[in-house]
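# Structural characterization, general
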Amino acid sequence: DTGVSQNPRHKITKRGQNVTFRCDPISEHNRLYWYRQTLGQGPEFLTYFQNEAQLEKSRLLSDRFSAERPKGSFSTLEIQRTEQGDSAMYLCASSLVPLSQGKLFFGSGTQLSVL
Amino acid sequence: DAKTTQPTSMDCAEGRAANLPCNHSTISGNEYVYWYRQIHSQGPQYIIHGLKNNETNEMASLIITEDRKSSTLILPHATLRDTAVYYCIVRVENSGTYKYIFGTGTRLKVLA
């Protein structure tokens, strides 16, 4: 168990550029979540996968955001045409249902700064 | 969207018990309460969860009121390393999918 890994840890980009983040969940975890966190706030739910199927997307996830989890292993979150309001910490979490009793295991996040 | 309310901040003396309250008055019968904590620059870390009964593990105890409208997380002997933001979360179920709704949390400061 090497934990949830997120790359990169930090990303600085210019407004209008596209960015992609990667999340490697704990091996064999079947559920994967993406959250966004801004300073002083709790994490906000973005989207959720059960294996390779994306089961729910928050209304926070505009058309510029897309997430994938091909083959039910790692996941990517892409933001197109970034805006300054996208600056936040993007957190990934994984879970093994039912064995982990609903516990989410979080990565350390990707900190995005849009200039 | 958050289904929980928590005090913004609390202080606790090192070695004393830290009691962190949470209100979840709109919780439904099958919704679990989870507690996580987040230390600066890290992802949230699981602490404990429960449905109706009180729970205890190596990290903490969770006391849930009989009407389930509130709960208290207890750190029995707080240390400086327990300084963190503590989140009380209700896990919402919808057609077999689960969503964990975070509030703004309680910033606990353990004082030497």
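Before any of the text, the structure's been laid out above.
Described below are features of the structure shown in this document. (Residues numbered from 1 in each chain as written. Chains lettered and ligands numbered in written order. Predicted model: local features only at pLDDT ≥ 70, side-chain atom pairs only at ≥ 80, totals over all residues. Heavy atoms only, no water.)

## A word on the sheet that holds strand 7 (residues 70–75) of chain B
All names here are of chain B. Judged by pairing direction, the sheet is antiparallel, and its 4 strands sit side by side in the order 2-7-6-5 without closing on themselves. The strands lining the two open edges of the sheet, one partner per strand, are strand 2 (18–23) and strand 5 (55–56). Two strands pair when backbone bridges link them, and strand 6 (residues 61–64) and strand 7 are joined in this way by 4 bridges, in the antiparallel orientation. By the bridge assignment, Leu 62 is partnered in strand 7 with Leu 73. (Pairing = 2+ DSSP bridges. Helix = DSSP H or I, 4+ residues; strand = E, 2+ residues; numbered from the N terminus.)

## Let's talk about the nonpolar core
If you look at the biggest cluster of nonpolar residues, it comprises 23 residues, and the most contacted ones within it are Trp 35, Leu 73, Tyr 86 and Leu 108 of chain B. If you list the elements that add at least two residues to this core, you get strand 2, strand 3 (32–38), strand 4 (45–50), strand 6, strand 7, strand 8 (84–94) and strand 10 (106–111) of chain B. Per element, the largest residue contribution to this core is 5 residues, and it comes from strand 8 of chain B. In this view, Tyr 86 of chain B contacts Gln 6, Leu 20, Trp 35, Tyr 36, Arg 37, Ile 47, Leu 73, Leu 75, Gly 105, Thr 106 and Leu 108 of chain B; residues no more than four positions away in its chain are not counted. The next biggest cluster of nonpolar side chains, apart from the first, holds 19 residues, and it includes Leu 61, Phe 65, Ala 67 and Ala 88 of chain A. (Core = buried A, V, L, I, M, F, W, Y, C linked by side-chain atoms within 4.5 Å. Buried < 20%, exposed > 50% of the residue type's maximum accessible area, 1.4 Å probe, protein only. Contact = heavy atoms within 4.5 Å.)

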